[in-house]
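Take a look at the letters that make up each chain.
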Amino acid sequence: MNLDVTVLSDAPEWVYILAPVLALLAIAAIVWVSVLRISFRNTLMRALEAPELAKELIHRRYSRATIALRSGVIEKVARGHDPSIITITGLDQIWIDRVLSKARERDARKIIELIPDVGLFACFMAALKSPRVATLLLSWIDTSDDLEGLRRIALSGGGESFNGALALKLLSDRLDRVREMTGDPEWPARHFAMTIILQSSDERSERAAWDAFRDPHRSVRAAVAEQITTDDLDRLFQNLYDLYLHDPVFAVRKVSRRRLAAQFADRYRLSREQLSDDEAAHVVDLLELGSEEDEAFAFSCLTSGNPEPALPAARYLERNGSLTKLFEEVSLGDPEGIGRAEGVLRTAAAVGVTGFLRSLSRLNNPGSLALAGAILQEAGPHERITALARRVFTLPLIDAPQQQIYDAAIAAIADRGDHGALTLMRDELSRRRHEPARAAGLLNAIPARAQSLMIDLLLELLQDPRFECRDELHEALLRFEDRSFVSRLIATLRDTSIDSGGHAVRLSVLRLLSALQLPHARQYLLENLSGLGAVEIRELATVMAADDAADIAKRVHRYIEGYDAETRAAVISLTPALGDKSFLKPVRESVHDADPEVRIAAIWALLELGDSKSFNQTQDRLRDPMERVRVEAAHALGAGGSSASVDKVRELLTDVNEVEEVRRAAIIGLGRSEQKRAITVLVELLEQGDEYDDDVVRGLAEKRSAKQITEIVEHLKDAEPRLREKLVRVFRAMGADGERAMVELLEADISSLRPLIAEILEETGFVEATIRRLAHRDPAERRSAAESLAKIATLSAFRGIVMAARDPDPEVRVRVTRALEKLDSESGREILTKLESDPDRRVRKHTLWALERYRAKQL
């Protein structure tokens with residue numbers, strides 16, 4: 001003791017100073033740790049009372065490592081109060097992760113004691129690796145009911161996969177209990193059991209495995225499809241094939257298909273014709289990329305016309321690159337190929353598969369651009385239409401295929417284009433405003449929804465005197481629902497002068513106003529008709545008549561009674577279209593108005609009003625002091641007057657004092673007349689001299705009905721050669737319409753006219769042209785030609801007919817035979833003799849052959 005004191009007395013002085021400090025620090029540390037433990041425990045208790053605050057109280061304040069270090073405190077709270085604190089703090093996941101990675105018995109024991117329903121499966125996985133954990137787990141199973149213990153392990157796993165062979169080794173003594181779990185109502189239990197018994201060769205296990213092909217849960221069916229082993233390969237193939245075609249779950253079908261391809265490659269063959277739509281859709285879902293056979297199958301599904309397999313087929317072909325290749329390589333020079341490609345790609349687009357259009361922005365292939373335009377009219381992303389427009393609007397239109405591409409792109413923009421595409425369309429119209437073909441197509445395609453984008457440009461075009469596509473422009477503006485642009489139309493009307501350029505603009509505005517049929521615009525319309533021609537006013541009147549006719553008639557009466565001559569003349573021209581007989585009296589009186597334009601308007605209005613008595617009373621206008629009135633009167637009376645009026649016009653034509661302009665107007669009018677007397681007057685004029693031959697021929701050429709042609713032919717009968725030559729000119733001028741009418745007259749079989757009509761048809765070159773049609777590639781054309789020649793039945797016609805005796809079309813040959821029947825007459829035998837001795841050897845040869853065929857038919 002004395003030694004100790006001696007030693008201590010020898011210690012340095014700082015020891016005496018530091019020792020108490022260290023002691024105090026140790027005591028403080030112990031106190032601080034105790035305080036922290038108490039604080040942490042209090043925090044745990046608060047978390048138990050309000051689990052929703054656990055994130056704020058625990059997880060934001062304590063790291064995962066800190067929670068692991070303080071697991072002892074958490075365990076005490078769990079045992080003394082509520083085991084849920086382990087889950088609340090996240091300690092359960094720490095234990096589970098640790099037992100899975102390190103397979104320590106101590107962690108497994110804590111899990112089994114405190115959180116079995118959450119962590120038993122993790123202990124089971126550790127038991128497959130660690131004998132000590134395996135012993136612990138089996139002991140726990142033994143202390144509880146075997147089946148219940150196994151079921152709790154399975155349910156805690158939630159259907160997770162594991163090594164079935166190791167599990168079978170672990171639970172081999174409990175296999176009967178495992179098999180019982182295959183009937184459990186919870187699928188994780190069945191999946192757990194099936195994973196184990198699939199490794200067993202026991203007969204009962206195999207039976208349970210076969211039954212699992214029809215298990216209600218997909219995971220169980222997928223497990224048995226993937227893992228079952230059996231010697232009964234036929235049964236296995238049938239079960240796998242059935243799952244592949246019919247299982248509604250993609251994952252199950254995928255496993256089945258993979259097993260079929262690996263184990264039954266020699267049996268696995270598919271034919272679209274042998275599959276239903278549902279089965280085909282399932283098959284297409286699992287086709288292999290890069291397989292030519294699978295690609296062909298997908299194409300057959302896409303083009304089958306059945307919608308069910310079309311979507312998966314299109315998706316596969318897009319992933320495989322097949323649709324993109326088809327789209328990019330199509331050629332306009334292969335109409336059949338482009339037709340097939342369009343059918344395939346349209347179907348794909350219809351089910352929402354349009355990835356092949358992504359290459360539009362870099363493509364120059366005309367075939368691809370044409371296809372894109374056709375497809376995008378119905379389906380596909382709107383932005384692809386914009387990409388198409390950018391490509392197409394830079395193309396030079398030098399041929400029909402490029403025009404086809406252009407038209408398809410415009411149609412796509414009109415139907416489905418977004419703001420970007422419509423903006424490009426507007427800019428294109430602005431650039432092409434003076435290219436009528438392009439401008440018309442663009443205007444026709446402008447949709448109503450584009451009004452805000454297009455209205456300024458369209459009104460600018462309306463005010464451009466050089467702009468030609470007026471009808472299309474009007475239709476585009478009429479499609480717009482918002483009519484607020486009318487005030488700008490009226491401003492244009494007032495600001496535009498009546499000159500050569502302004503006239504077109506004014507007429508355009510007035511046509512548009514009349515078509516809009518707005519009550520508040522009628523006055524502007526009626527007061528601005530002056531300066532237009534009678535034909536233009538009548539055109540407007542037809543449109544206006546569809547509006548409120550009663551209101552317009554009231555306004556017209558007021559203007560007729562007014563004093564402005566131009567306005568009165570203009571509104572008088574409107575009256576026939578209104579169909580109101582109350583206008584007859586003021587119009588009749590206007591025939592004698594002081595203003596010549598009013599008189600002219602009244603003459604034509606009476607003609608169109610259909611009051612023949614009033615109209616015929618205008619004959620004195622043929623002697624009007626103003627030449628232009630006489631011109632219009634002669635024209636109108638010649639066109640629409642009675643037979644007596646025609647005679648009055650005839651007198652004017654023979655008046656040596658009348659000016660030439662009036663005479664020509666009378667001839668034009670007679671050319672439009674329906675009176676039989678008008679034909680006689682015109683033919684007489686041809687006979688009298690040559691001065692007006694061209695005008696008269698044009699007038700007679702307008703008369704193309706069968707009745708009128710018959711009348712002209714009658715004049716041809718006894719005509720002198722000079723007149724005859726002129727009348728043949730008339731028939732030539734009639735063109736195809738007159739020739740058709742003459743052929744129809746031949747069917748009437750008027751003996752007195754037939755020779756003359758046939759002669760006319762020969763002189764006009766119709767017979768020669770018809771013979772040339774016998775070489776046309778279209779059988780219908782050749783049949784029609786043979787029929788016409790048979791009706792004409794002249795020597796020239798028969799020379800053509802016999803040349804068609806060996807036509808490949810039987811209908812043509814039948815017509816030739818019927819025509820030869822006409823030769824069985826006195827006049828026909830004369831033609832036959834000439835054919836048999838024709839200078840052309842081919843004609844003689846074909847005549848002989850045709851006659852032999854005809855005689856054989858007679859026998």
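Residues numbered from 1 in each chain as written. Predicted model: local features only at pLDDT ≥ 70, side-chain atom pairs only at ≥ 80, totals over all residues. Heavy atoms only, no water.

Here the focus is the overall build of the chain. Check the secondary structure of the chain and you find 53 helices and zero strands. Sorting the 859 residues of the chain into buried and exposed places 49% on the buried side. Looking at the chain alone, contacts between residues at least 24 apart form 66% of all its contacts between residues at least 6 apart. Roughly 42300 Å² of accessible area belongs to the chain as shown, and the carbon and sulfur atoms make up 50% of that amount. (Helix = DSSP H or I, 4+ residues; strand = E, 2+ residues; numbered from the N terminus. Buried < 20%, exposed > 50% of the residue type's maximum accessible area, 1.4 Å probe, protein only. Contact = heavy atoms within 4.5 Å. Areas by Shrake-Rupley, 256 points an atom, 1.4 Å probe, with all protein chains shown as cover.)

One pass over the structure, following the stated rule, counts two cavities of 30 Å³ or more. Counted as a void, the largest cavity has a volume near 60 Å³. L513, S514, Q517, L518, A521, R522, L525, M544, D547 and I552 together form the lining of the largest cavity. Per-class residue counts for the lining of the largest cavity are six nonpolar, two polar and two charged. If you trace the second largest cavity, you find it lined by R650, L653, T654, V681, E684, L685 and Q688. Only helix 41 (643-653) and helix 43 (676-688) provide two or more residues apiece to the lining of the second largest cavity. At four residues, helix 43 tops the list of elements feeding residues into the lining of the second largest cavity. For the lining of the second largest cavity, a count of residues per class yields three nonpolar, two polar and two charged. (1 Å grid on protein atoms, 1.4 Å probe; cavity = no way out; pocket = protein on both sides within 12 Å on 5 of 7 lines; lining within 4 Å. Points joined across faces, edges and corners; volume = space filled by probe spheres on them. Nonpolar A, V, L, I, M, F, W, Y, C, P; charged D, E, K, R; others polar.)

This part takes up the packing of helix 20 (residues 292-302) against helix 22 (residues 322-329). One can describe the packing of helix 20 onto helix 22 by two numbers: an axis separation of 12 Å at closest approach and a directional angle of 75°. Between helix 20 and helix 22, the angle falls in the class roughly perpendicular. When helix 20 is examined against helix 22, the residues E295, F299 and L302 are found in contact with a partner set consisting of S322, L323 and L326. Per-class residue counts for the contact of helix 20 with helix 22 are four nonpolar, one polar and one charged. (Axes fitted to C-alpha atoms, helices over the stretch in contact; angles between N-to-C directions. Parallel < 35°, antiparallel > 145°, perpendicular 65-115°, else oblique.)

Applying the stated criterion across every chain, the model contains eleven aromatic pairs. The interplanar angle of 65° and the centroid separation of 6.0 Å between the aromatic rings of F121 and F162 together place this pair among those described as edge-to-face. With F121 in helix 9 (residues 116-127) and F162 in the loop between helix 11 (146-157) and helix 12 (164-170), this pair connects stretches of sequence that are 41 residues apart. Its relative accessible area of 5% is what places F121 among the buried residues. Following the ring pairs from residue to residue traces out a cluster consisting of F121, F124, F162 and F192. In this arrangement the basic side chain of R267 is found over the ring face of F237, its NZ or CZ atom lying 5.3 Å from the centre. (Phe/Tyr/Trp six-rings, centres within 6.5 Å; stacked < 30°, edge-to-face > 60°. Lys NZ or Arg CZ within 6 Å of the ring centre and 35° of its normal.)

The next point concerns helix 24 (residues 366-376). Of all eleven residues making up helix 24, ten are buried, and the element is well covered by its neighbours. What helix 24 keeps buried is the set G367, S368, L369, A370, L371, A372, G373, A374, I375 and L376. For helix 24, the secondary structure elements touched by its buried residues are helix 22, helix 23 (335-350), helix 25 (382-392) and helix 26 (400-416). Between a side-chain oxygen at the N-terminus of helix 24 and the backbone nitrogen of G367 the separation is 3.1 Å; the capping residue is N365. (Polar contact = N/O pair within 3.5 Å; in protein donor to acceptor, adjacent residues only side chain to side chain.)

The subject of this paragraph is the nonpolar core. Within the largest apolar cluster, 198 residues are counted, with the highest numbers of intra-cluster contacts made by F124, L137, L171, F192, I446 and L458. At eight residues, helix 29 (residues 451-462) tops the list of elements feeding residues into this core. Setting aside its immediate chain neighbours within four residues, F124 contacts L137, I153, F162, A167, L170, L171 and F192. By size, the runner-up hydrophobic cluster in this structure holds 61 residues, among which are V629, A633, L700 and F731. (Core = buried A, V, L, I, M, F, W, Y, C linked by side-chain atoms within 4.5 Å.)

Unlike most non-glycine residues, A103 shows phi in positive territory, near 50°. Even without glycine at this site, Q517 takes up a positive phi of about 55°. Within the fold, Q517 resides in the loop between helix 32 (500-516) and helix 33 (522-527). Owing to a relative accessible area of 29%, Q517 belongs among the partly exposed residues under this scheme.

Tracing the backbone through its elements, the reader meets R483 in the loop between helix 30 (470-478) and helix 31 (486-495). Relative accessible area serves as the criterion here: at 29%, R483 is assigned to the partly exposed category. Considering only alpha carbons, one finds R483 and L516, 33 residues apart in sequence, at a separation of 8.6 Å. Setting aside its immediate chain neighbours within four residues, R483 contacts L478 and L516. Engagement of the side chain of R483 in a polar contact is seen with the backbone oxygen of L478, the distance being 3.1 Å.

A few words on helix 22. By the burial criterion, the buried members of helix 22 are S322, L323 and F327. Across the axial projection of helix 22, the buried residues extend over an arc of 130°, all falling on one side. Turned more than 90 degrees away from the buried face of helix 22 sit K325 and E329, all of them exposed. Packed against the buried residues of helix 22 are helix 20, helix 21 (310-319), helix 23 and helix 24. (Arc of directions from axis to C-beta.)

It is worth spelling out the confidence of the model for the chain at this point. Across the chain, the average pLDDT comes to 81, with 86% of residues at 70 or higher. Predicted confidence is poor over residues 1-5, with pLDDT under 50, and the contacts of this stretch with residues over four places away or in other chains come to zero contacts. (pLDDT = per-residue confidence, 0-100.)

Tracing the backbone through its elements, the reader meets T764 in the loop between helix 47 (754-763) and helix 48 (766-773). Linking T764 and R729, residues 35 residues apart in sequence, is a C-alpha distance of 8.2 Å. Setting aside its immediate chain neighbours within four residues, T764 contacts V728, F731, R732 and E739.

On to the packing of helix 26 against helix 28 (residues 436-445), then. With their axes 9 Å apart at the nearest point, helix 26 and helix 28 run at an angle of 25° to one another. The orientation of helix 26 with respect to helix 28, classified from their angle, is roughly parallel. Of the two elements, helix 26 crosses helix 28, and the hand of that crossing is right-handed. For the pair formed by helix 26 and helix 28, the contact residues are Y406, I410 and A414 on the first element and R438, G441, L442 and A445 on the second. Here the residues of the contact of helix 26 with helix 28 are counted per class, giving five nonpolar, one polar and one charged. (Left-handed = near helix turned anticlockwise from the far one by under 90°.)

Here we take up the pattern of salt bridges. Applying the stated criterion to the full structure yields 43 salt bridges. For the salt bridge of D202 with R179, the shortest nitrogen-to-oxygen distance reads 3.5 Å. Here R179 lies in helix 13 (residues 175-180) and D202 lies in the loop between helix 14 (187-197) and helix 15 (203-211), a separation of 23 residues in the sequence. Classification of D202 as partly exposed rests on a relative accessible area of 26%. By relative accessible area, which is 10% here, R179 ends up buried. Here E378 makes a salt bridge to R346, at a shortest N to O gap of 2.9 Å. With E378 in the loop between helix 24 and helix 25 and R346 in helix 23, this residue pair connects regions lying 32 residues apart in the sequence. Through salt bridges with shared partners, one network takes in E428, R431, R432, E435 and R438. (Salt bridge = Lys/Arg side-chain N within 4 Å of Asp/Glu carboxyl O.)

To continue, consider the side chain of T354. In this fold, T354 is placed in the loop between helix 23 and helix 24. Overall, the relative accessible area of 12% leaves T354 in the buried class. Dropping the residues within four chain positions of it, T354 is found in contact with E318, A349, G380 and P381.

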